[in-house]
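# Descriptive analysis of the structure
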Amino acid sequence: MGAAELSAAEARWLAIEAQGLARPRTTGTVRRRDLLRAIGAVGTVQLDAVNVLERTQFVVLFSRLGAYDVGVLHELVGPGGALFEHWGHAASLLPVETHPLFRWRMAQHGTAAEGRARADRRQSWLQANADYLAAVLAEVRDRGPLAGSELSDPRRRDGEWWDRRSVGRQALEWLLATGQLAAWRRPNFERLYDLPERVLPPAVLQLPTPTVEDAQRALVLSAMGCLGVATASDLADYYRVRLPETRARIAELVEGGDLVEVSVEGWTPPAYCMPAARPRRPQRTNGTLLSPFDSLIWERERTRRLFGFDFRIEIYFPEPQRRFGYYVLPLLVGDQLVGRFDLKADRRAGVLRVVSSHVEPGADPSLATAAAAGELRSMAEWLALGGVAAAPVGSLAQPLARALA
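Presented here is a report on the structure given in the accompanying data block. Keep in mind that this is a model prediction, so the values were computed, not measured. The residue numbering used here restarts from 1 in each chain and proceeds along that chain's sequence as written. In keeping with the predicted nature of the model, local features appear solely for residues at pLDDT of at least 70, side-chain atom pairs appear and are counted solely at 80 or more, and the whole-chain, interface and lining totals rest on all residues. Each side-chain value is derived from all of the structure's non-hydrogen atoms; neither hydrogens nor water enter the calculation.

## Structural notes on the packing of aromatic side chains
Let me state the cut-off plainly: Here a Phe, Tyr or Trp ring, Trp counted by its six-membered ring, pairs with any other such ring whose centre lies within 6.5 Å, and the pair is stacked when the planes are under 30 degrees apart, edge-to-face when over 60, and tilted otherwise. Here a helix means four or more residues in a row that DSSP labels H or I, a strand means two or more in a row labelled E, and each is numbered from the N terminus. The cut-offs for exposure are 20% and 50% of the maximum accessible area for each residue type, with area from a 1.4 Å probe on protein chains only; residues under the lower value are buried, those over the upper are exposed, and the others partly exposed. By definition here, charges over rings are those cases where NZ of Lys or CZ of Arg is within 6 Å of the ring centre and within 35 degrees of the ring normal.
Within the structure shown, the criterion is met by seven aromatic pairs. When the centroid spacing of 6.5 Å and the interplanar angle of 65 degrees are considered together, the rings of Phe84 and Phe102 count as edge-to-face. Taken together, the positions of Phe84 in strand S3 (residues 83-87) and Phe102 in the loop between strand S4 (91-95) and helix H5 (103-108) put the pair 18 residues apart, joining distant regions of the chain. In this structure Phe102 comes out as buried when scored by relative accessible area, which is 1%. These aromatic residues form a ring-pair network of at least three members: Phe84, Phe102, Tyr238, Tyr239 and Trp298. It is Arg185 that lies over the ring of Phe189; its NZ or CZ is 4.1 Å from the centre. Across from the ring centre of Phe309, 3.9 Å away, lies the NZ or CZ of Arg340, which sits over that ring.

Here it is in structure tokens:
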């Protein structure tokens, strides 16, 4: 029998529901359990330092829950917390119970399994800095928790991006990636490092380490639960498991009945979903602004397949090459992405600035305007800003300014 068929709309419904964006937001006070439930839905929350609006890890949860106290999220990380920081999709917050699923990646970091050229470069660096690495680990053991700037010998350097980081920071990052250290963030986003046994709950450290294949199967299944419907490349991208290994795990999961193959209207590659997946139209009626790093829109090709929406994060491009702005948030209404809004929290003036606003081709400008105005007011209130100010830039600028007035 051929694969089951899903319409393009049904695929969107599955994806939106899997990401915790289909139901109305929480009413009343958002509590610890609400945050954990939302994080469980997405599996991994990407971290990023850009704070022109609010850091992405906080916006991702606002999109799902509405206004909440970010201090509650801070309380969930750090020693004994319910979340730990590691490389999930990118630098991410992850539920502590998933720690065993990433130990194979810690063990393989810097080995030939990550590519011969990269492994050779890392080995040369490790050999040149072996004594220093041992000294950094010993210092954290004796003095921790420590930030890179707090090392007694940080060995600062000049340069761009990775090269600008001190050798001390590079050493700490290596020890974190290989599981010899654990980490969390201060409210100013500075990363603190300490021994895993002083950060992670003992019950988590005592959990058995699965085989590489078992861990990858669990990660593929987790990604499937977070995506709703997905191709092999979608599943590989979510937790950054290499595509050949992902394909092998998918074949095993399909054979075992844990995944089923489906065909999706307009998609060329085969797709997969859970056997019990049932598409339902989203119940949320208000607009939802999405962080540029939101897991619903991480993968550019998938976003195009699902929504017909071509999205790139333009902070990485020089200003003359930006089409929509520096920090652009798509607006989700129902099962469509209907607009794009370049936002900035002007904390000195006490306003949320809409630097530009654009409606998507084919979207209803009136619907997009009303949804955006309500969501922008909610976001401004959450950020403790006194109001919203829309600049006269973009195809939605005039109607949005009228709606906000």
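## Section: the sheet that holds strand S8 (residues 260-264)
Let me state the cut-off plainly: Following DSSP output, two strands are said to pair if at least two bridges run between them. The criterion used for residue contact is that any of the two residues' heavy atoms lie within 4.5 Å. Working convention: axes come from line fits to C-alpha atoms, limited for helices to the stretch in contact. Angles between N-to-C directions cover 0 to 180 degrees.
Reading across from one edge, S1-S8-S9-S7 is the order of the four strands in this open sheet, with mixed pairing throughout. Unpaired on one side and paired on the other, strand S1 (4-6) and strand S7 (229-230) mark the two borders of the sheet. In this sheet, strand S9 (residues 271-273) lies alongside S8 in antiparallel orientation, the contact comprising three bridges. When the bridges of S9 are listed, Val260 appears paired with Cys273. Packing against the sheet, helix H1 (residues 8-18) makes contact with S1, S7 and S8, and its axis sits at approximately 85 degrees to S1.

## Some thoughts on helix H3 (residues 56-65)
Along an α-helix, a turn takes 3.6 residues, which lines up residues three or four apart on a common side. Of all ten residues making up H3, ten are buried, and the element is well covered by its neighbours. Three or more residues of H3 are buried, namely Thr56, Gln57, Phe58, Val59, Val60, Leu61, Phe62, Ser63, Arg64 and Leu65. Along its buried surface, H3 packs onto helix H2 (32-42), strand S2 (45-46), helix H4 (70-75), strand S10 (288-289), strand S11 (328-333) and helix H14 (365-382).

## Some points on the side chain of Asp194
Position of Asp194 relative to the elements: it lies in strand S6 (residues 191-194). Judged by relative accessible area, Asp194 falls into the buried class, the value being 4%.

## Focus: the pairing of S3
Taken across its five residues, S3 has four buried, putting it largely inside the fold. Inspection of the sheet shows S3 paired to S4 by five bridges, in the antiparallel sense. Pairing of Leu83 across the sheet is with Pro95, part of S4. The loop that links S3 with its antiparallel partner S4 comprises three residues.

## Re the sheet that holds S4
Within the open sheet, the three strands sit side by side as S2-S4-S3. Their pairing is antiparallel. Of all the strands in the sheet, the pair left with one neighbour each is S2 and S3.

## What about the nonpolar core?
Spelled out, the test is: By convention a nonpolar core is built from buried Ala, Val, Leu, Ile, Met, Phe, Trp, Tyr and Cys residues, the set being connected through side-chain atoms within 4.5 Å.
Counting 84 residues, the largest nonpolar core has Leu35, Leu53, Leu73, Tyr239, Phe341, Leu343 and Met379 as its most contacted members. Ranked by residue count, the leading element in this core is H14, at eight residues. Residues in contact with Leu35, not counting those within four places in the same chain, are Val30, Leu61, Leu65, Tyr68, Val72, Leu73 and Leu76. Formed by 24 residues, the second largest nonpolar core is a distinct cluster that contains Ile16, Ala22, Val262 and Phe309.

## Regarding the environment of Leu329
Its location among the elements puts Leu329 in strand S11. For the pair Leu329 and Asp342, spaced 13 residues apart in the sequence, the C-alpha separation amounts to 6.3 Å. In this structure Leu329 touches Leu53, Val59, Leu289, Leu290, Ser291, Pro292, Gly339, Arg340, Phe341, Leu343 and Met379, once residues within four positions along its chain are discounted.

## Thoughts on the pattern of salt bridges
Close approach of charged atoms allows side chains with opposite charge to pair. For clarity, the cut-off: One speaks of a salt bridge when a side-chain nitrogen belonging to Lys or Arg is within 4 Å of a carboxyl oxygen belonging to Asp or Glu.
Within this structure, the stated rule accounts for 28 salt bridges. As a salt-bridge pair, Arg12 and Asp335 come within 3.4 Å of each other at their nearest N and O atoms. Of the two residues, Arg12 is situated in helix H1 and Asp335 in the loop between S11 and strand S12 (336-346); the sequence distance between them amounts to 323 residues. No difference in accessibility class separates Arg12 from Asp335, as the two residues are buried. A salt bridge links Arg64 to Asp294, with the shortest nitrogen-to-oxygen separation between them at 2.8 Å. Of this pair, Arg64 sits in helix H3 while Asp294 sits in the loop between S10 and helix H13 (300-307), and the two are 230 residues apart along the sequence. For Arg64, a relative accessible area of 4% gives the class buried. Judged by relative accessible area, Asp294 falls into the buried class, the value being 0%. Each of the salt bridges in this network shares a partner with another, and the network as a whole consists of Asp234, Arg300, Glu301, Arg302, Arg304, Arg305 and Asp310.

## Observations regarding the pairing of S6
Along S6, one buried face is formed by Arg191 and Tyr193 and the opposite face, lined by Leu192 and Asp194, is buried too. Relative to S6, strand S5 (residues 182-185) is paired through four bridges, and the arrangement is antiparallel. Within the sheet, the bridge partner assigned to Trp184 lies in S6 and is Leu192. Here S5 hands over to S6 after five residues, with Phe189 in that stretch at a positive phi of 80 degrees.

## Focus on helix H7 (residues 130-143)
Definition in use: The span expected for a helix works out to 1.5 Å for each residue beyond the first.
Taking 1.5 Å of rise per residue, 14 residues should cover 20 Å, and H7 covers 20 Å from first to last C-alpha, within 8% of that figure. Elements in contact with the buried residues of H7: helix H6 (116-128), helix H8 (167-177) and S6.

## Quick notes on the environment of Arg185
Note the cut-off: Pairs of N or O atoms are called polar contacts if they sit within 3.5 Å, as long as, within protein, a hydrogen donor faces a hydrogen acceptor (for residues adjacent in sequence, only side-chain-to-side-chain pairs).
Relative to the helices and strands, Arg185 resides in strand S5. Sequence-wise, Arg185 and His74 are 111 residues apart; in three dimensions their C-alpha atoms are separated by 8.1 Å. Leave out the neighbours within four places in its chain, and Arg185 touches Leu47, Glu85, Glu190 and Arg191. A polar atom in the side chain of Arg185 sits 2.7 Å from the side chain of Glu85. Of note is the side chain of Arg185, whose polar atom sits 3.1 Å from the backbone oxygen of Phe189.

All we've got here are geometric facts, nothing functional implied.
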